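Observations on chain architecture
Here is how the chains run, residue by residue.
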Amino acid sequence: HTFKPGFWIFARESMSPTQLRGKKLAVSTLGSIVHTLARLALRKAGVDADKEMTMIAAGTDDTRFAALKSGVADAAVLNAPWGVRARRQGLKEILFVSEEIYGLSGGVVTTTKMIQTRPETVLKFVTGAVKGLKYFTANREGTIPILAKYMRMDTEMVKEVYDTTIQTFTADGTRGEDFMRSEAQIQAAALGLKEVPPPERPFDLSFARKANERLKNWKPQ
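The structure reproduced in this document is the subject of the present report. (Residues numbered from 1 in each chain as written. Predicted model: local features only at pLDDT ≥ 70, side-chain atom pairs only at ≥ 80, totals over all residues. Heavy atoms only, no water.)

**Here's the deal with helix H8 (residues 155–165)**
Among all positions of H8, only Met 157, Val 158, Val 161, Tyr 162 and Thr 165 are buried. Viewed along the axis of H8, the buried residues span an arc of 140°, placing them on a single side of the element. Those residues of H8 that are buried are in contact with strand E1 (7–11), helix H4 (80–88), helix H6 (119–138) and helix H7 (140–151). Where H8 starts, the residue carrying a side-chain oxygen 3.1 Å from the main-chain nitrogen of Glu 156 turns out to be Asp 154. (Buried < 20%, exposed > 50% of the residue type's maximum accessible area, 1.4 Å probe, protein only. Helix = DSSP H or I, 4+ residues; strand = E, 2+ residues; numbered from the N terminus. Arc of directions from axis to C-beta. Contact = heavy atoms within 4.5 Å. Polar contact = N/O pair within 3.5 Å; in protein donor to acceptor, adjacent residues only side chain to side chain.)

**Observations concerning the side chain of Asp 74**
Relative to the helices and strands, Asp 74 resides in the loop between helix H3 (61–70) and strand E4 (75–79). Within the structure, the side chain of Asp 74 is placed 2.8 Å from the backbone nitrogen of Lys 24, a separation counted as a polar contact. Each residue touching Asp 74, except ones within four places of it in the same chain, is listed here: Phe 10, Ala 11, Arg 12, Lys 23, Lys 24 and Leu 68.

**Observations concerning the nonpolar core**
Grouped together as the largest cluster of nonpolar side chains are 25 residues, with contacts concentrated most on Phe 10, Leu 78, Ala 86, Leu 91 and Val 158. When residues of this core are traced back to their parent elements, those giving at least two are E1, H3, E4, H4, H7 and H8. If one sorts the elements of this core by residue count, H8 sits on top with four residues. If we ignore the near neighbours within four places in the chain, the residues touching Val 158 are Ile 144, Leu 147, Ala 148 and Met 153. By size, the runner-up hydrophobic cluster in this structure holds 23 residues, among which are Ala 11, Leu 25, Met 53 and Ile 94. (Core = buried A, V, L, I, M, F, W, Y, C linked by side-chain atoms within 4.5 Å.)

**So, the sheet that holds strand E5 (residues 92–96)**
One open sheet accounts for five strands, arranged E3-E2-E4-E1-E5; its pairing is mixed. What marks the edges here is a single partner per strand, and that holds for strand E3 (54–57) and E5. Averaged over all adjacent pairs, the angle separating strand axes in this sheet is 30°, with direction ignored. Across five bridges, E1 lies against E4 in antiparallel orientation. Within the sheet, the bridge partner assigned to Phe 7 lies in E4 and is Asn 79. Where H4 meets the sheet, its contacts fall on E1, E4 and E5, and the angle it forms with E4 comes to roughly 125°. (Pairing = 2+ DSSP bridges. Axes fitted to C-alpha atoms, helices over the stretch in contact; angles between N-to-C directions.)

**Considering the packing of aromatic side chains**
Summed over the entire model, instances satisfying the criterion amount to four aromatic pairs. Ring centres 4.3 Å apart and planes at 10° place the aromatic pair Trp 8 and Phe 96 in the stacked group. Placement of Trp 8 in strand E1 and of Phe 96 in strand E5 is noted, with a sequence separation of 88 residues between them. The two residues Trp 8 and Phe 96 agree in class, both being buried. Both rings, one in Phe 136 and one in Phe 169, keep their centres 4.7 Å apart while their planes meet at 45°; by these two values the pair is tilted. Of the two residues, Phe 136 sits in helix H6 while Phe 169 sits in the loop between H8 and helix H9 (177–191), which places them 33 residues apart along the sequence. An aromatic cluster of at least three residues, connected via ring pairs, comprises Phe 136, Tyr 162 and Phe 169. A cation sits over an aromatic face here: Arg 85 above Trp 82, 4.5 Å from the ring centre. We note Arg 175 situated over the ring of Phe 3; from NZ or CZ to the ring centre the distance is 3.9 Å. (Phe/Tyr/Trp six-rings, centres within 6.5 Å; stacked < 30°, edge-to-face > 60°. Lys NZ or Arg CZ within 6 Å of the ring centre and 35° of its normal.)

In structure tokens, the structure reads:
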């Protein structure tokens, strides 16, 4: 559902992205999508993270946050909830990754076997997901209390998370051919593949398109 990565790079003090040269950046795992997208965003900002920085595989957001707070890392890649926490605790935003690059960071995934043997089940699931997406993007006031309950965060923090990430979501769960081709290249690089697969191999948006057709007269309440 997201076509931009909802990640930020935070540090303990204000600096430009180029001032991260020579510093340690906490990511989830080396080769992960967090690592890959951060590298691409930093490259666009003028930093060759592979040559000019040290990457630390720090695991989940909470451990990356702790690594930054404790000084084990000079900077950390954090997703939306932890980015809000970081900002509230006085840490400094260095780079919003989605301002630099496009990249898939959320969606619906299944197996080829499931698609072939139970396509109607897949379609029902995707239709429900598209319904949720349409509600999420169209109904801020209804979405906030739901997020607050399931994310176990206070309402004001959830509002900030929503407002800072809404731009990363698609309107209908699909993107165009150029995006899918670019995403295939990104994922192939992250996985170390020698050849980039054609977009139709990792992506099947036919279910999302059928779901949108089913929902063409449906309105989020």
